[in-house]
Amino acid sequence: MHSFRQAVETHDAAAIEATLADDVVFTSPVAFKPYPGKAITAAILRGVLRVFEDFRYVREIVDANGRDAALVFEATVDGKHVNGCDFVHLDEQGKVDELTVMVRPLSAATALAEAMGAQFEQIQREATERIQREAAGA
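These lines cover the structure that appears in this document, whether it is placed above or below. Because the structure is predicted, anything quoted here is derived from the model rather than measured.

What counts as what
- Residues numbered from 1 in each chain as written.
- Predicted model: local features only at pLDDT ≥ 70, side-chain atom pairs only at ≥ 80, totals over all residues.
- Heavy atoms only, no water.
- Helix = DSSP H or I, 4+ residues; strand = E, 2+ residues; numbered from the N terminus.
- Rg over C-alpha atoms; globule rule 2.2 N^0.38 Å.
- Buried < 20%, exposed > 50% of the residue type's maximum accessible area, 1.4 Å probe, protein only.
- Salt bridge = Lys/Arg side-chain N within 4 Å of Asp/Glu carboxyl O.
- Contact = heavy atoms within 4.5 Å.

1. A closer look at the overall build of the chain
A tally of helices and strands in the chain yields 4 helices and 6 strands. Mapped in sequence order, the helices and strands of the chain form the string α-α-β-β-α-β-β-β-β-α. By the compact-globule yardstick of 14 Å for 138 residues, the chain fits well, its C-alpha radius of gyration being 14 Å. Counting only C-alpha atoms, the chain reaches 40 × 40 × 25 Å along its principal axes. Going through the 138 residues of the chain one by one, you find that 44% of them count as buried.

2. With respect to the pattern of salt bridges
What the rule picks out here adds up to 10 salt bridges. A salt bridge links Arg56 to Glu74; the shortest N-O distance between them is 3.1 Å. Taken together, the positions of Arg56 in strand 3 (residues 53–62) and Glu74 in strand 4 (residues 68–77) put the pair 18 residues apart, joining distant regions of the chain. Classification of Arg56 as partly exposed rests on a relative accessible area of 36%.

3. Structural notes on unusual backbone geometry
A cis amide bond links Arg104 to the next residue, Pro105, at an omega of -10°. Positionally, Pro105 belongs in the loop between strand 6 (96–104) and helix 4 (106–135). With a phi angle near 60°, His11 is a residue other than glycine that sits in the positive phi range. Within the secondary structure, His11 sits in the loop between helix 1 (2–9) and helix 2 (13–19). According to the relative accessible area criterion, His11 is partly exposed, its value standing at 43%.

4. With respect to the side chain of Thr76
The residue Thr76 is located in strand 4 in this model. Judged by relative accessible area, which is 17%, Thr76 ranks as buried. With residues near it in sequence (within four places) discarded, Thr76 still touches Val51, Phe52, Glu53 and Asp54.

So this is what it looks like as structure tokens:
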């Protein structure tokens, strides 16, 4: 969990992506369906880095086997204080294969949905470009 947490805390997008399994599934606090795959998950997380201000983890709860964790965070989005939690599961290789995010209060979730909505065209473009580069063998 330390690698993922450290990458997020240092806003290191490349390091965050390196912690993700190819088959990672991201479940957003503001979208109905999960997003499967490393390309889209990494692009979403880069978008989150752009919209969250003053992001910090304030608590970490890890299960005995070290493969499941709840990382409690605080941040600001468009002037709204956000409390949230990243629920992270690691696969057998220590890569993040499940990431579920929850946020509160409703006003902050709404601000996050609006801010991420404004980012979504760029997020989709970044994910598509990554998939195309991988297909081309780059």
